[in-house]
Structures are given as C-alpha cells and as structure tokens.
Amino acid sequence: MNKYFPDVEKQISYEGKDSNNPLAFKYYNKNQKVGGKTMGEHLRFSVAYWHTLMGNGSDIFGSPSFKREWHKANNPIDRAKETMEAAFEFFQKLGMDYYCFHDRDIAPEGETFSQSCKNLETLVEFAKALQKETGVKLLWGTANLFNSPIYSQGAATSPNAHVMAYAAAQVKNAIDATKELGGENYVFWGGREGYETLLNTDIKKEQEQMAQFLHMAVDYKKKTGFAGQFLIEPKPCEPMKHQYDSNVATTLYFLNEYDLSDYFKLNVEANHATLAGHSFEHELAVASAAGKLGSVDANRGDLLLGWDTDQFPTNIYSTTMAMMVILNQNGLGKGGLNFDAKLRRSSTDPTDLFYAHIGGMDSFAKGLLIAHKIIEDGALSNFIKERYSSFQSGIGAKIVAGQSGLEDLEKWVLNQDKPLLQSGRQEMLENIINSYIL
Ligand code: XUL
Ligand code: CO
C-alpha cells in the first residue's frame with residue numbers, strides 16, 4: 001500500500017547511529033539480539049490508533065490543524081475504512097508489529113446503540129482482513145467510556161443505573177471485538193470514573209459500583225474464554241478532578257479491597273505518573289514490585305505544563321530507568337510499549353508521524369541497550385545487594401526469619417554500640433548511570 005504516506009516510499013530501516021537520514025532508525029534494530037531476545041521481542045512497540053490516525057491537531061483553544069487524506073470521505077463508514085487502510089500502511093512502513101484502539105476510534109458511533117455495535121462489527125471484519133494480510137497484531141482494545149455526554153458523570157461509576165448498564169453493554173462489545181481480533185490485552189482506563197465535587201458524590205457507592213463493573217467483565221472473560229490479559233490504567237485526574245484509580249498504589253489497594261487482584265495487571269503511563277506527582281520509573285517500580293506491571297503507555301509530559309501533553313518519549317535517562325525495571329522483571333509478557341502520544345498541533349504533516357514514532361522507538365531502543373549493560377555489569381545490583389547485606393546474617397537474618405519481637409530486639413540493642421552509618425552513595429550511583437548513558 002502506498003497511498004496515504006507518499007513521502008515515505010519504503011519501510012523505515014535501521015542505519016545506525018551515524019546515519020543522518022531522519023527517516024531511519026539509529027538504535028532500533030528489530031532483529032538485533034540483546035541478551036536472549038531480539039529488540040522487537042523486548043520492546044513490543046504499538047501505535048495508538050486514537051492519536052496517530054484520529055488526531056486532527058485540535059485542542060481546547062483551537063480547531064483542527066491537520067488535513068488528513070484519510071479523513072476526507074463523507075460517509076462515516078467509508079471514512080473509517082479509509083482511516084484503517086492508512087493505519088495499516090503506516091504500521092507496515094514503520095515496521096510496527098502492534099496497534100491499540102478504542103471501539104470508537106475504529107468505528108463511528110451510530111444513532112442507536114445497536115447501530116454502533118453494527119459499525120464496530122463491520123470495522124472489526126475489515127481490520128481482521130488487514131491484520132491477516134500484514135501480520136500486524138492487536139496489543140489491546142478498549143472502550144471509549146468518556147467521550148459521549150451520557151458519561152459526563154461517570155460510566156461504571158455513574159449515579160444513573162441506565163448509564164452504567166449502557167457502559168457495561170459497550171464494554172461487552174469492545175471485549176468481543178478485541179477477542180475477535182486476537183487482542184493480547186484489554187485495557188480499562190477510567191477517564192470519567194471519579195468525581196468533580198464531593199457535594200454530590202457517594203465515594204463508597206461509586207467505588208463499589210466500579211468493582212462490580214470489573215467483576216462483571218471478569219465473569220464475561222471467563223465465560224467467553226477471552227485469553228487476553230485485563231489491564232487497568234491509573235491516572236489521577238483529567239478529565240475528572242479526581243479519578244478512583246489515581247496512581248499505581250491506589251489501584252493496587254482497590255484491586256485487593258474488592259477481590260480483583262488475581263484478574264488484573266496495570267498499564268502504566270509515563271504522563272499519568274507525572275500528573276500524579278510521581279516519576280515514570282516510580283510507578284513502574286511500584287507496579288513491578290507487586291508483580292503487577294503488565295504493559296506501558298510510553299509517552300512523556302512537560303513539567304512546565306500541568307496537563308496530559310502525551311508527547312513522544314525522547315528522554316534517554318527516563319527510557320533507561322524504565323527499561324531497567326522492565327528487564328529486571330523479565331519483560332512485559334503479553335504487554336508492550338504503546339505510544340499513547342500525539343504530535344504537537346503545529347506538526348501538521350503525515351510524515352511528522354514517522355519522525356515522532358522513530359524518535360520514540362530509538363529512545364527506548366537506546367534505553368534498552370544501556371539498561372541491559374547496567375544490569376549485565378551488576379553496576380547497581382551489586383551495590384544494592386551489599387546495602388541490605390546486614391539482613392543476611394546475625395540479627396538481620398533472625399528478623400527476616402520472623403524469629404524476633406520487640407523485646408528480643410531491645411535486649412540485643414542494649415548489648416550493642418550505636419549502629420554504624422553507611423553512605424547511600426547516591427551521587428556516585430548517579431555518576432555511574434551517566435557513565436553508561438554518555
Ligand atoms: C488517556 C489515556 C487513554 C488510555 C486508553 O489519558 O491514556 O488514551 O490509554 O483509554
Ligand atoms: Co494511555
């Protein structure tokens with residue numbers, strides 16, 4: 001296919017770091033082995049359909065600034081099909097193995113619910129054929145439960161039972177679509193699941209409702225034999241003032257509280273982490289420590305802007321830290337690195353989509369290479385191991401084995417001198433990381 005991106009004539013290839021071709025990879029070399037796996041297997045990159053294919057450059061202050069050939073058809077189904085053709089041309093030219101969508105990205109909402117379902121079925125058939133033809137796969141599907149005005153007070157957590165039922169019906173169809181397309185995961189992002197004001201909100205009721213909604217999805221997954229992994233994507237706010245799955249720790253607590261822990265992992269997004277007042281690597285590390293890091297929405301925010309700017313990742317320090325967490329847990333399994341990122345409003349050409357993804361892919365590939373070397377050399381892990389070594393023998397080992405209580409420990413302390421202070425060596429460790437990056 002060579003229709004929608006005529007300026008990119010052939011598939012983007014790896015040319016190495018000295019290349020000055022802006023349409024080539026400098027670090028991402030899909031089949032290059034890093035440890036036991038190829039870069040492609042480690043990174044499992046995915047395109048976000050909503051930003052890349054549906055984005056039009058509009059923002060809350062301005063109208064669309066991108067003119068896309070694939071948005072021209074008058075009939076909404078024709079437009080959706082042309083958009084999907086453009087999508088697969090893009091995936092192929094980029095050498096991308098995966099994509100992700102919301103139901104309403106790939107198929108337009110109809111006048112009625114059943115018309116919306118029919119539209120989705122039509123586009124799922126269309127996608128199925130294109131997936132077969134190209135070998136591109138679906139990393140995850142999800143339902144858009146935030147755009148329609150009916151969801152303005154929540155979807156799963158709406159105060160209106162009819163709206164909650166509508167959202168449930170929409171999720172059922174989105175899971176069906178994901179299953180039909182062999183999706184490896186299904187994501188729940190609760191954009192409207194939260195509150196604007198406590199004056200009209202029963203938090204306990206809404207959280208119970210959300211748990212019930214997720215239990216219904218789990219039951220449906222079991223019943224239909226959908227083999228994909230369920231993921232929750234935490235975010236603190238935007239569009240709601242407060243979202244119930246506001247960060248990784250809150251979401252882990254929620255899953256435990258409502259007996260959902262066995263059925264969900266987390267999809268951690270970089271810009272959501274910073275909106276929550278954490279670093280990307282903090283959120284990844286907290287999820288990973290709980291055995292719950294399932295997938296990643298790879299983007300970045302802008303610390304000078306307080307909102308979800310969804311920019312393409314370019315910061316090597318950040319991608320290195322992220323890849324260290326991912327490598328240390330032996331990869332993302334069924335998950336991947338989905339570029340939930342969009343062009344700036346002023347980057348108006350379709351070719352800008354290539355530059356953006358190439359930059360993101362190279363940044364993570366470089367981060368992978370650096371993180372792999374740091375781990376292979378034990379540059380941090382040897383220090384960390386040594387830092388906790390007092391728990392390997394003597395009183396430390398007794399504590400770990402659960403063989404001491406407060407009285408025991410008091411008795412032991414009374415017979416000792418003061419504890420010796422050991423340096424945490426933060427600056428030295430920062431220099432070590434820099435020596436691998438620079
Ligand atoms: C919104 C966001 C969503 C989810 C999928 O901030 O990240 O696009 O990734 O609904
Ligand atoms: Co996201």
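Thresholds applied
- Residues numbered from 1 in each chain as written.
- Chains lettered and ligands numbered in written order.
- Predicted model: local features only at pLDDT ≥ 70, side-chain atom pairs only at ≥ 80, totals over all residues.
- Heavy atoms only, no water.
- Helix = DSSP H or I, 4+ residues; strand = E, 2+ residues; numbered from the N terminus.
- Rg over C-alpha atoms; globule rule 2.2 N^0.38 Å.
- Areas by Shrake-Rupley, 256 points an atom, 1.4 Å probe, with all protein chains shown as cover.
- Lys, Arg positive; Asp, Glu negative; His and termini not counted.
- Charge placed at Lys NZ, Arg CZ, Asp CG, Glu CD.
- Donors = N, O, S within 2.8 Å, 3.2 Å for Na, K, Ca; no water.
- Tetrahedral: all angles 85-135°; square planar, octahedral: opposite > 155°, others 65-115°.
- Buried < 20%, exposed > 50% of the residue type's maximum accessible area, 1.4 Å probe, protein only.
- Polar contact = N/O pair within 3.5 Å; in protein donor to acceptor, adjacent residues only side chain to side chain.
- Contact = heavy atoms within 4.5 Å.
- Near = heavy atom within 4 Å.
- Nonpolar A, V, L, I, M, F, W, Y, C, P; charged D, E, K, R; others polar.
- Domains from an automatic or database assignment.
- Buried area = accessible area lost by both parts, 1.4 Å probe.
- Phe/Tyr/Trp six-rings, centres within 6.5 Å; stacked < 30°, edge-to-face > 60°.
- Patch = residues over 30% accessible without salt bridge, like charges linked within 9 Å, V, L, I, M, F, W, Y side chains within 5 Å.
- Salt bridge = Lys/Arg side-chain N within 4 Å of Asp/Glu carboxyl O.
- Axes fitted to C-alpha atoms, helices over the stretch in contact; angles between N-to-C directions.
- Parallel < 35°, antiparallel > 145°, perpendicular 65-115°, else oblique.
- Arc of directions from axis to C-beta.

Caption draft 1: Summary view of the overall build of the protein. Across its full length, the protein holds 16 helices and 14 strands. The C-alpha atoms of the protein give a radius of gyration of 24 Å, which matches the 22 Å a tight globule of 438 residues would have. With the principal axes as the frame, the protein shows a C-alpha extent of 85 × 60 × 45 Å. Here the protein displays about 21,600 Å² of accessible surface, and carbon together with sulfur accounts for 51% of that area. Seen as two clouds, the 44 positive and the 54 negative side-chain charges of the protein have centres 3 Å apart.

Caption draft 2: View of the coordination of the cobalt ion (ligand 2). The coordination sphere of the cobalt ion (ligand 2) contains the protein donors Glu-233 (OE), Glu-269 (OE), Asp-297 (OD) and Asp-340 (OD), at a distance range of 1.9 to 2.2 Å. Coordination at the cobalt ion (ligand 2) comes from six donor atoms whose angles at the metal span 80 to 173 degrees, giving a geometry best classed as octahedral. Here the donor residues of the cobalt ion (ligand 2) share one chain and are spaced in sequence as E-x35-E-x27-D-x42-D. Residue Glu-233 is located in the loop between β10 (229-232) and β11 (242-243), and its partner Asp-297 is located in strand β13 (residues 293-297); the two are separated by 64 residues in the primary sequence. As far as burial versus exposure is concerned, Glu-233 and Asp-297 are alike and both buried.

Caption draft 3: Spotlight on the side chain of Asn-173. Note that Asn-173 resides in helix α6 (residues 161-180). Given the relative accessible area of 18%, Asn-173 is considered buried. Among the polar contacts listed, one links the side chain of Asn-173 to the backbone oxygen of Ala-169, at a separation of 2.9 Å. With sequence-adjacent residues up to four places away left out, Asn-173 is seen in contact with Phe-113, Cys-117 and Leu-120.

Caption draft 4: Structural view of the site of ligand 1. Neighbouring ligand 1 are the residues Trp-50, His-102, Trp-140, Trp-189, Glu-233, Lys-235, Glu-269, His-272, Asp-297, Asp-308 and Asp-340. In this structure, His-102 approaches ligand 1 through a side-chain N or O atom, which is 2.7 Å from an oxygen atom. Isolated, ligand 1 exposes 300 Å² of accessible area, and the fraction of that covered by the protein chains is 94%. Along the lines of polarity and charge, the residues of the shell around ligand 1 split into three nonpolar, two polar and six charged.

Caption draft 5: Examining the domain arrangement of the protein more closely. Split into domains, the protein comes out as domain 1 (13-377) and domain 2 (381-437). Its C-alpha centre places domain 1 at a distance of 40 Å from the equivalent point of domain 2. Listed by partner, the interface residues are eight residues for domain 1 and six residues for domain 2. Taking both sides of the interface into account, the surface hidden between domain 1 and domain 2 amounts to around 650 Å²; carbon and sulfur atoms contribute 70%.

Caption draft 6: Local environment of the packing of aromatic side chains. In the structure shown here, the tally under the stated rule is 26 aromatic pairs. Measuring from ring centre to ring centre gives 5.9 Å for Tyr-99 and Phe-101, while their planes differ by 45 degrees; the resulting arrangement is tilted. The class for Tyr-99 is buried, based on a relative accessible area of 0%. Assessed through its relative accessible area of 1%, Phe-101 is described here as buried.

Caption draft 7: Local environment of a nonpolar patch on the surface. A grouping of Ile-384, Tyr-388, Phe-391, Ile-399 and Val-400 is seen on the molecular surface, where their side chains present a nonpolar patch of about 490 Å² in accessible area. If you trace the backbone, Val-400 turns up in helix α14 (residues 394-400).

Caption draft 8: Geometry of the packing of helix α10 (residues 280-289) against helix α11 (residues 316-328). Put simply, α10 and α11 touch, their axes get as near as 9 Å, and they point 5 degrees apart. Considering their axes alone, α10 and α11 lie roughly parallel with respect to each other. Counted together, Phe-280, Glu-281, Leu-284, Ala-285 and Ser-288 of α10 and Ser-318, Met-321, Ala-322 and Val-325 of α11 form the full contact between these two elements. Of the residues contributing to the contact of α10 with α11, the split by class is six nonpolar, two polar and one charged.

Caption draft 9: Molecular detail of helix α8 (residues 248-257). Burial in α8 covers these residues: Val-248, Thr-251, Leu-252, Phe-254 and Leu-255. Buried residues in α8, looked at end-on, bunch into an arc of 160 degrees, giving them a common side. Buried residues in α8 make contact with α7 (203-224), β10, β12 (264-269) and α10. Two to three positions downstream of the cap, the backbone nitrogen of Ala-249 sits 3.4 Å from a side-chain oxygen, assigning the N-cap of α8 to Asn-247. One or two steps after α8, the chain reaches Asp-259, where phi turns positive at roughly 55 degrees.

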